[in-house]
Amino acid sequence: MGLESARGRAVRSLTRSFQRSAETAPAKARLALADPMARRGLPEAKSELRFPVSPESRRFYRRFWPDTTAAEWNDWRWQLRSRIRTLDELARIFRLSEDEYAAVSRHKGSLPVGITPYYASLMGLNDSQEPLRRTHIMTGEEYVRSPGEDDDPLGEDHDTVVPGLVHRYPDRVLFLATGTCSTYCRYCTRSRLVGNPGGEYQFSTKQWDQAIAYLQQHSEVRDVLLSGGDPLTLSDDKLDWLLGRLRAIPHIEFLRIGTKMPVVTPQRVTRALVRVLKKHHPLWMSLHFTHPTELTREVAESTARLADAGIPLGSQTVLLKDINDSPAVMTPLMHGLLKNRVKPYYLYQCDPIRGSAHFRTGVDKGLEIIGALRGHTTGYATPIFVIDAPGGGGKIQLAPDPVMGREGDFLLLRNFEGKIYKYPDPNGALGRVF
Ligand code: SF4
């Protein structure tokens with residue numbers, strides 16, 4: 001039996017035992033189990049059951065937060081409060097390289113360092129080249145500006161119709177609900193606006209009102225993607241209010257949330273949150289995954305809770321040099337996502353934000369990965385590879401070209417093994433040279 005399936009079984013049995021205890025408890029206690037706020041009076045052992053803690057995470061917090069209880073560790077607010085944000089905190093946990101130390105020291109402004117203790121527990125503490133660590137602790141390369149890079153490479157500011165609302169495509173909008181994330185990715189497309197309260201980009205409920213008023217007047221909009229920042233850093237009440245206001249607009253058919261929290265702070269997916277989200281269907285979610293290391297038993301729990309709430313889950317992954325740019329890394333990630341009921345959706349070529357050259361691969365690398373997945377595994381495990389066109393051109397899909405030309409009325413097609421097949425296509429234009 002593989003490690004993955006052993007982990008899956010442990011999660012299922014934990015979840016089942018939680019459900020059993022919730023089902024057989026007297027009514028008052030049942031209410032308390034369902035409501036984390038009301039759960040305070042119950043013995044800690046029961047409250048601990050609300051989220052699995054992997055042995056690796058337990059070892060980690062006992063080492064670095066020895067006074068912390070499992071209940072605190074499983075409280076997403078504790079995770080946010082305890083984020084690793086300063087050089088001293090980083091140095092307490094990681095053996096920093098000179099490059100990391102110097103780069104963190106000179107940082108100012110948006111996209112600060114921010115790592116939840118849970119996510120830090122997945123990182124290499126002594127290895128500055130460990131993939132997840134590289135995505136969250138800055139290096140000197142971040143200060144090098146290369147040709148073609150920009151602070152706002154996708155031209156979102158240009159398409160901003162009211163503060164925080166980007167209306168580029170005809171029938172859908174991007175609603176930037178907050179500038180806060182639970183962790184800050186060094187390659188973030190919105191590095192200009194996240195993690196910098198009081199800076200040029202501000203987020204407030206007054207701003208939400210303006211965006212909602214715009215949407216009420218624009219009946220062509222049928223699809224709202226809530227993003228930021230990470231919308232799940234908002235409290236349940238605020239999220240409920242915002243989703244409710246959007247859902248009340250008759251022509252909005254469909255809501256989506258783009259979030260990384262179920263991956264980097266899976267404890268955020270409380271039963272209370274799930275009850276809020278379920279009120280606002282049809283609601284879809286895009287989850288930001290990077291590497292198979294993220295597929296822990298905690299993430300198995302957060303994704304299971306969301307999927308059980310009827311929320312279709314898709315993934316988005318940024319292709320990152322020396323982090324996930326090989327079939328050997330990407331294939332288990334995509335397979336693991338399917339096992340967690342997340343459909344691999346987008347593989348993004350890394351956007352050319354300022355100081356990101358060290359993260360970007362050649363575009364051919366993405367095609368190589370798609371070529372290694374397509375046909376070799378189920379189509380469900382194969383994401384769409386896209387470049388978000390600089391300057392606001394939108395997403396452009398790339399795929400290995402299977403058309404090899406023609407032989408008279410036959411189209412020549414290459415399959416996943418590189419073999420050529422003929423398809424009768426006497427009336428087709430594809431593959432003809434005019
Ligand atoms: S979670 Fe998303 S918005 Fe936040 S820093 Fe990472 S990529 Fe940017």
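Every chain is numbered on its own, with residues counted from 1 as its sequence reads. Two thresholds apply to this predicted model, a pLDDT of at least 70 for residue-level local features and 80 or more for giving and counting side-chain atom pairs, whereas whole-chain, interface and lining totals are computed over all residues.

Another aspect to go through is the environment of Met334. To qualify as a helix, a DSSP run of H or I must reach at least 4 residues; to qualify as a strand, a run of E must reach at least 2; elements of each kind are numbered from the N terminus. With respect to the helices and strands, Met334 occurs in helix 16 (residues 327-339). Residues are treated as contacting if the C-beta atoms built from their backbones sit within 7 Å of each other. Those residues within four positions of Met334 in sequence are excluded, and the remaining contacts are Pro344, Leu373, Ala381 and Pro383.

Turning next to the packing of helix 16 against helix 17 (residues 363-373). Working convention: axes come from line fits to C-alpha atoms, limited for helices to the stretch in contact. Angles between N-to-C directions cover 0 to 180 degrees. Running from N to C, helix 16 and helix 17 cross one another at 55°; their axes reach a closest spacing of 10 Å. In terms of their interaxial angle, helix 16 and helix 17 are classed as oblique. Crossing geometry of helix 16 relative to helix 17 is assigned as right-handed. Facing helix 16, whose interface residues are Pro327, Met330, Thr331 and Met334, helix 17 presents Ile369, Ala372 and Leu373. Residues of the contact of helix 16 with helix 17, tallied by class, amount to 6 nonpolar, 1 polar and no charged. The scheme is simple: roughly parallel for angles under 35 degrees, roughly antiparallel for over 145, roughly perpendicular for 65 to 115, oblique for anything else. Here is the rule for handedness: rotate from the far helix to the near one, and if that takes an anticlockwise turn smaller than a right angle the crossing is left-handed, while a clockwise turn gives right-handed. Amino acid classes used here: Ala, Val, Leu, Ile, Met, Phe, Trp, Tyr, Cys and Pro are nonpolar; Asp, Glu, Lys and Arg are charged; the rest, including Gly, are polar.

Before going further, it helps to spend a moment on the sheet that holds strand 2 (residues 165-166). In this analysis, strands are considered paired if DSSP registers two or more bridges between them. Strand order in the open sheet made by the 10 strands is 1-2-3-4-5-6-7-8-9-10, with mixed pairing throughout. Taken across any chain shown, the strands that pair with only one partner, and hence form the sheet edges, are strand 1 (160-162) and strand 10 (394-398). Examined bridge by bridge, strand 1 and strand 2 share 2 bridges and lie antiparallel to one another. By the bridge assignment, Thr160 is partnered in strand 2 with Val166.

Attention now goes to helix 17. All of the buried residues in helix 17 are Gly366, Ile369 and Leu373. In an axial view of helix 17, the angular spread of the buried residues amounts to 60°, which keeps them on one side of the axis. Tucked inside the fold, the buried residues of helix 17 contact strand 7 (313-319), helix 16, strand 8 (343-349), strand 9 (384-389) and strand 10. Working definition of burial: number of other C-beta atoms within 10 Å of the residue's own, with buried at 20 or more, exposed at 12 or fewer, and partly exposed in between, all C-beta atoms being placed from the backbone. This arc is taken over the directions from the axis of the helix to the C-beta atoms.

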